[in-house]
Amino acid sequence: MKSVTLRVPATSANCGPGFDTLGLACTYYNEVTYEITEDRGFKLEVEGEGSEYLKPHGRNLAFLSFFRVWNAVHDNVRIGLKIIMKNRIPMSRGMGSSSAAIVAGLYAANCLCDNHFSKDELLNMATEIEGHPDNVAPALYGGFTISFMQGDKAHTLKIIPEKPLKFIAVVPDRKLATSLARAALPKEVPHKDAVFNSSHACLLVGALMSGKYEYIGEALEDKLHQPYRAHLIPGLYDVFAAAKKAGAYNGIISGAGSTIMAYAPIDADHEAIAQAMMAALEAKGETGVYHILDLDTEGVKEI
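Source: prediction; values computed, not measured.

Participant: So what's going on with the side chain of Q226? Which residues, and what values?
Facilitator: By the element assignment, Q226 lies in helix α8 (residues 226–229). The exposure class assigned to Q226 is buried, which follows from its relative accessible area of 3%. Each residue touching Q226, except ones within four places of it in the same chain, is listed here: G16, L236, Y237, F240, I252 and I253.

Below you can see the structure in the form of structure tokens.
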């Protein structure tokens, strides 16, 4: 094989109370083609997100992650590489754009190296590059993922909920750098808040696995990161309230933000929820778009 084309899902980390632990993949995708060329050097074509500033160099995550696998298998054999990206996942919005690039590069190189590494091994490489597994895991495996570190090794448990859910993602035009969102977090949190989040993360997983979705609204509550980041996303709690009033279970900050995601019953009026969330956002002078999404259960795949 000299080329491979992949579909990589957007992801939403934390899922409310599961800070740096829980994640999900959703039905919004980047499509990426990797091609080994006769000419040395890097070439990049980008359509959509990042087209104005993504460049073909070794610091680009799509190239860096590809060569993490390729060099491990081929002992640094020099090649030419062309990447064609159709990017839909918004950047710096908490929907896993960097994780998608990392997973695409690792998975593409692995395909072109006769699947030398297992997905679990790719997870660890992705975690080394990204720094934590909560976004790269659902991009690799699909579904909801529960990720944890055992020493310096990343592990994940994929789960598929008992019943379907809908996810309404409101994506503000305002970007939010992960570094800024991380900097807003305190170095220590009260013990009672840690207990609160532990119980709610457990409740969320239990509700998803049992199908007792009446618990999801409460289960999505958080005290570890959202209260400290709320000032970075104007109208956050108003958007949450609007989502619930329109029929959603609750809303959360997707990843580090600025995307706000509502979890909703499958039979709710999803368009009404989206419009209510947008109205609350716009009332604060913000603009954006929305997407009504399902859970992606496959993760990255060759197409």
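Participant: Please provide a residue-by-residue account of helix α10 (residues 270–282), values included.
Facilitator: Between its terminal C-alpha atoms α10 stretches 18 Å, which fits the 18 Å expected from 13 residues at 1.5 Å a residue. Taken together, the buried positions of α10 are H270, I273, A274, M277, M278, A280 and L281. The buried residues of α10 occupy one face: seen down the axis, they fall within an arc of 160°. Each element contacted by the buried residues of α10 is listed here: β7 (166–172), α9 (236–245), β9 (260–264) and β10 (288–293).

Participant: Which residues make up the pattern of salt bridges, and what values do they have?
Facilitator: Enumeration over the complete set of coordinates arrives at 11 salt bridges. With a closest N to O distance of 3.2 Å, R68 and E128 form a salt bridge. With R68 in helix α1 (residues 61–74) and E128 in helix α3 (residues 119–130), this pair connects stretches of sequence that are 60 residues apart. Residue R68 is classed as partly exposed on the basis of its relative accessible area, which comes to 30%.

Participant: Talk me through the packing of aromatic side chains; I want residue IDs and the actual numbers.
Facilitator: Given two aromatic rings, their pairing is described by the distance between the two centres and the angle made by the two planes. Enumeration according to the criterion identifies 9 aromatic pairs in this entry. A ring pair is formed by F66 and F67, whose centres lie 5.3 Å apart and whose planes are at 75°; its orientation type is edge-to-face. There is no split in this pair, since F66 and F67 are both buried. Here Y213 and Y249 contribute two aromatic rings whose centre-to-centre distance is 6.3 Å and whose plane-to-plane angle is 90°, an arrangement assigned as edge-to-face. Of the two residues, Y213 is situated in the loop between α6 (191–210) and α7 (216–219) and Y249 in the loop between α9 and β8 (250–253); the sequence distance between them amounts to 36 residues. Since its relative accessible area comes to 4%, Y213 is described here as buried. Through a chain of ring-to-ring contacts, the aromatic side chains of Y34, F42, F63, F66, F67 and W70 assemble into a single cluster.

Participant: Outline the packing of helix α2 (residues 97–111) against α3, supporting the account with residue identities and numerical values.
Facilitator: It is the contact of α2 with α3, at a shortest axis distance of 10 Å, that shows an interaxial angle of 140°. Taken together, the axis directions place α2 and α3 in an arrangement best described as oblique. As for the relative orientation of α2 and α3, their crossing is right-handed in sense. Residues S98, S99, I102, L106, Y107 and N110 of α2 lie in contact with α3, whose contacting residues are K119, L122, M125, A126, I129 and E130. The class makeup of the residues in the contact of α2 with α3 is 7 nonpolar, 3 polar and 2 charged.

Procedures and definitions
- Residues numbered from 1 in each chain as written.
- Predicted model: local features only at pLDDT ≥ 70, side-chain atom pairs only at ≥ 80, totals over all residues.
- Heavy atoms only, no water.
- Helix = DSSP H or I, 4+ residues; strand = E, 2+ residues; numbered from the N terminus.
- Buried < 20%, exposed > 50% of the residue type's maximum accessible area, 1.4 Å probe, protein only.
- Contact = heavy atoms within 4.5 Å.
- Expected span 1.5 Å × (residues − 1).
- Arc of directions from axis to C-beta.
- Salt bridge = Lys/Arg side-chain N within 4 Å of Asp/Glu carboxyl O.
- Phe/Tyr/Trp six-rings, centres within 6.5 Å; stacked < 30°, edge-to-face > 60°.
- Axes fitted to C-alpha atoms, helices over the stretch in contact; angles between N-to-C directions.
- Parallel < 35°, antiparallel > 145°, perpendicular 65-115°, else oblique.
- Left-handed = near helix turned anticlockwise from the far one by under 90°.
- Nonpolar A, V, L, I, M, F, W, Y, C, P; charged D, E, K, R; others polar.

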